Amino acid sequence: MTKSNILLLMFTMFALTNCADTSTADGTIIQPETIKPLASWVEKETGVQMAALPITEASGMRLKTALGLQGVQQARAVAAYIPGQIIINNIIWDPQSLVSQSYLVHELVHHAQLFSGKTYPCPEAKEREAYTLQNKWLVEHGESPMVSEGWIDNISECKASSRQMAF
């Protein structure tokens, strides 16, 4: 297991252990009224107008399926962005939790990146903006940052096998 995979596993384990089990039913659609204020904040911070809000669903089963996850370790993913859709694990989704909302902020940054027309040197480079803004949003709302700058540096570093990507 690479250092990057270990860090990602530690991050997702931290996320799962620090969010209450809200018993949100798998497959629950998160309504636009919940997404709009977060999207507006992301638009202001990125300077990118999103053409539409993504469809957002709380579903651990769909998250696992959508990412094609295999094995126990990878099954701990918290949220993902698939163009036009955000999927957050229903086990950790709590609309009242700032930490849960911050995962949506992170994925909304990826949604904004889709509309930005920016070119990124590699897929990992997109994570710098997403984690930095997730941290900023948390701090603005009186919470601690999710991850350290060093962690962001590591996770967003372009690997030799990465290719340039326009998004």
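Check the entry above for the structure.
A brief report on the enclosed structure follows. (Residues numbered from 1 in each chain as written. Predicted model: local features only at pLDDT ≥ 70, side-chain atom pairs only at ≥ 80, totals over all residues. Heavy atoms only, no water.)

This part covers the packing of aromatic side chains. Here the structure, examined in full by the defined rule, presents 1 aromatic pair. Where Y131 meets W151, the ring centres are 4.9 Å apart and the plane angle is 85°; that geometry is what we call edge-to-face. With Y131 in helix α5 (residues 126–140) and W151 in helix α6 (residues 149–155), this residue pair connects regions lying 20 residues apart in the sequence. (Phe/Tyr/Trp six-rings, centres within 6.5 Å; stacked < 30°, edge-to-face > 60°. Helix = DSSP H or I, 4+ residues; strand = E, 2+ residues; numbered from the N terminus.)

Our focus in this paragraph is helix α2 (residues 32–46). An ideal rise of 1.5 Å per residue puts 21 Å on 15 residues; α2 measures up with 20 Å between its terminal C-alpha atoms. Next to the buried residues of α2 lie β2 (55–58), α4 (98–116) and α5. Downstream of α2 by one or two residues, G47 has phi in the positive range, about 75°. (Expected span 1.5 Å × (residues − 1). Contact = heavy atoms within 4.5 Å.)

This next bit is on the sheet that holds strand β1 (residues 28–29). The strand order across the open sheet built from 4 strands is β1-β2-β4-β3, with neighbouring strands paired in mixed fashion. Here the strands that pair on one side only, and so sit at the sheet edges, are β1 and β3 (79–82). In terms of strand pairing, β3 meets strand β4 (residues 85–88) through 4 bridges, oriented antiparallel. The residue bridging I82 from the neighbouring strand is Q85, located in β4. This element, α4, spans β2, β3 and β4 of the sheet and lies at about 20° to β3. (Pairing = 2+ DSSP bridges. Axes fitted to C-alpha atoms, helices over the stretch in contact; angles between N-to-C directions.)

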